[in-house]
Amino acid sequence: MMTWRFGRARAQRLPICVFAHIPRTGGQAVHAALMRVYGRKGVSPVRVHTQACSGQGQFPRGYRLYSGHLDWDAADFPGGDNLVFTLLRNPEERIASFYYYLRHKAAHLDPAILARPEYLGLHRALIWSPSAYFQGGDAIWRNFIRDHYDNAQTRYLATGRVRGSAEYDALSNEERLTLAETNAKKLNRVFFTDAMEEAATGMSQLLARNVDIPPAINAGPRPGAAAWPRLLSELDPVTARQVSGFVVLDRSLISRLRAVQ
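This write-up is about the structure you can find in this document. (Residues numbered from 1 in each chain as written. Predicted model: local features only at pLDDT ≥ 70, side-chain atom pairs only at ≥ 80, totals over all residues. Heavy atoms only, no water.)

1. Looking at the overall build of the protein chain
Link 1 in the chain: A tally of regular secondary structure across the protein chain gives 13 helices and four strands.
Link 2 in the chain: Taken over C-alpha atoms, the radius of gyration comes to 19 Å for the protein chain, in line with the 18 Å a tight globule of 261 residues would show.
Link 3 in the chain: Reported as C-alpha extents along the three principal axes, the dimensions of the protein chain are approximately 60 × 45 × 35 Å.
Link 4 in the chain: For the protein chain, the accessible area works out to roughly 12,800 Å², and carbon and sulfur atoms hold 53% of it.
Link 5 in the chain: Measuring between centres, the 33 positive side-chain charges of the protein chain sit 7 Å from its 23 negative side-chain charges. (Helix = DSSP H or I, 4+ residues; strand = E, 2+ residues; numbered from the N terminus. Rg over C-alpha atoms; globule rule 2.2 N^0.38 Å. Areas by Shrake-Rupley, 256 points an atom, 1.4 Å probe, with all protein chains shown as cover. Lys, Arg positive; Asp, Glu negative; His and termini not counted. Charge placed at Lys NZ, Arg CZ, Asp CG, Glu CD.)

What follows is the structure, encoded as structure tokens:
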């Protein structure tokens, strides 16, 4: 990977940076690279939006880097001239990777831990059939599936929230795409996982520091293998058609964003 050298730029103070990490888009490797730049003490400990229940909010003051599955519409989101970027992935592979990652992780957990209420999603990924996982359950579960799988990248950019179904469901598909595209253009950059060297170069330029992104961290059980065809083959025909619709808006959004970069 190309290494950028910035000389005197190292003496400048690092800007406040927000990496809005969408699950299963290669963000763990980006987080590791940014950690090396900012140092552990400069990185917020809040990595997931649900950790805001500790009372400190999703963006506690005193840090220079906020990186994780965070709501960038949150009231405590750092404003001003800070850097904000995200990473998008081929939506088919993101969906399949997410599902198989959860199933793989669940299979390696102690059954007593897996039985806890907070591990319900992992438990269902392990014991339910793929079709039941994507189509079964109550309304709360179906909201979970929509938030995490159904055009999740468009949903996140349109609403600014990891769990933004209530706002998103009230919009037409064109409104969803338009809002997601408009919000994406408010970010400093949108990067893509199939162009990680370009992402590293872009981050290096934004931060005026060398950002070397390592190989995939937290990879799924079959790194490098196409998981989408495997997932479709394990679903019944009705569910396969439903899940195939989970990528339509994301594919359109990525195409639109790539056209203007």
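2. So, the pattern of salt bridges
Link 1 in the chain: Following the criterion strictly, the structure yields 13 salt bridges and no others.
Link 2 in the chain: Measuring nitrogen to oxygen at the nearest pair gives 3.6 Å for the salt bridge that ties arginine 146 to aspartate 169. Residue arginine 146 is found in helix α6 (residues 139-149), and its partner aspartate 169 is found in the loop between α8 (165-168) and α9 (173-184); the two are separated by 23 residues along the sequence.
Link 3 in the chain: Aspartate 147 is the salt-bridge partner of arginine 155, the closest N and O atoms lying 3.9 Å from each other. Grouping residues by exposure puts arginine 155 and aspartate 147 together as buried.
Link 4 in the chain: Salt bridges sharing common partners tie together Arg146, Asp147, Asp150, Arg155, Arg163 and Asp169. (Salt bridge = Lys/Arg side-chain N within 4 Å of Asp/Glu carboxyl O. Buried < 20%, exposed > 50% of the residue type's maximum accessible area, 1.4 Å probe, protein only.)

3. So, the pairing of strand β2 (residues 65-68)
Link 1 in the chain: Side-chain alternation along β2 places Leu65 and Ser67 on one buried face and Tyr66 and Gly68 on a second face that is also buried.
Link 2 in the chain: Here strand β1 (residues 17-20) runs beside β2; their pairing, made up of four bridges, is parallel. In the sheet register, phenylalanine 19 faces β2, and the bridge partner there is serine 67. (Pairing = 2+ DSSP bridges.)

4. Thoughts on the side chain of serine 67
Link 1 in the chain: Along the chain, the position of serine 67 falls in strand β2.
Link 2 in the chain: Side chain to side chain, serine 67 and histidine 31 meet in a polar contact 2.7 Å long.
Link 3 in the chain: Excluding its chain neighbours within four sequence positions, the residues that come into contact with serine 67 are Phe19, His31, Val46 and Arg47. (Polar contact = N/O pair within 3.5 Å; in protein donor to acceptor, adjacent residues only side chain to side chain. Contact = heavy atoms within 4.5 Å.)

5. Brief notes about empty space enclosed by the protein
Over the atoms a probe the size of a water molecule is rolled, and this reveals where empty space is left.
Link 1 in the chain: Throughout the structure, instances matching the rule amount to one cavity of 30 Å³ or more.
Link 2 in the chain: One number sums up the size of the largest cavity: a volume of about 100 Å³.
Link 3 in the chain: What lines the largest cavity is His21, Ile22, Pro23, Arg94, Asp147, His148, Ala152, Arg155, Tyr156, Arg161 and Val162.
Link 4 in the chain: Residue composition of the lining of the largest cavity, grouped by class: five nonpolar, two polar and four charged. (1 Å grid on protein atoms, 1.4 Å probe; cavity = no way out; pocket = protein on both sides within 12 Å on 5 of 7 lines; lining within 4 Å. Points joined across faces, edges and corners; volume = space filled by probe spheres on them. Nonpolar A, V, L, I, M, F, W, Y, C, P; charged D, E, K, R; others polar.)

6. A short note on the packing of aromatic side chains
Link 1 in the chain: Enumeration according to the criterion identifies 14 aromatic pairs in this entry.
Link 2 in the chain: Ring geometry for tryptophan 128 and tryptophan 141: centres 5.9 Å apart, planes at 70°, overall edge-to-face. Taken as a pair, tryptophan 128 in the loop between α4 (120-127) and α5 (130-135) and tryptophan 141 in helix α6 lie far apart in primary sequence, 13 residues in all.
Link 3 in the chain: By relative accessible area, tryptophan 128 is classed as partly exposed at 24%.
Link 4 in the chain: Through successive ring pairs, a cluster of aromatic residues spans Phe98, Tyr99, Tyr100, Trp128, Tyr133, Phe134, Trp141, Phe144 and Tyr149.
Link 5 in the chain: In this arrangement the basic side chain of arginine 24 is found over the ring face of tyrosine 101, its NZ or CZ atom lying 4.2 Å from the centre.
Link 6 in the chain: Sitting above the plane of the tyrosine 100 ring, arginine 230 keeps its charged end 3.9 Å from the centroid. (Phe/Tyr/Trp six-rings, centres within 6.5 Å; stacked < 30°, edge-to-face > 60°. Lys NZ or Arg CZ within 6 Å of the ring centre and 35° of its normal.)

7. A few points about the sheet that holds strand β4 (residues 189-192)
Link 1 in the chain: Ordered in space as β2-β1-β3-β4, the four strands form an open sheet in which the pairing is parallel. Unpaired on one side and paired on the other, β2 and β4 mark the two borders of the sheet. Across the sheet, the axes of successive neighbouring strands diverge by a mean angle of 15°, strand direction being ignored.
Link 2 in the chain: In the packing of helix α13 (residues 248-259) onto the sheet, the strands contacted are β3 (83-88) and β4, and the crossing angle to β4 comes to about 115°. (Axes fitted to C-alpha atoms, helices over the stretch in contact; angles between N-to-C directions.)

8. Quick look at the packing of α9 against α13
Link 1 in the chain: Across the interface, α9 lies against α13 with an axial gap of 10 Å and an inter-helix angle of 40°. Classified by the interaxial angle, the pair formed by α9 and α13 is oblique. Judged by the sense of rotation from one axis to the other, the crossing of α9 with α13 is right-handed. Residues Asn173, Glu174, Arg176, Leu177, Thr178, Ala180, Glu181 and Ala184 of α9 touch α13, and the partners they reach there are Leu249, Ser252, Leu253, Arg256 and Leu257.
Link 2 in the chain: Each residue belonging to the contact of α9 with α13 can be placed in one class, and the counts come to six nonpolar, three polar and four charged. (Parallel < 35°, antiparallel > 145°, perpendicular 65-115°, else oblique. Left-handed = near helix turned anticlockwise from the far one by under 90°.)

Shape descriptors only; they carry no functional weight alone.
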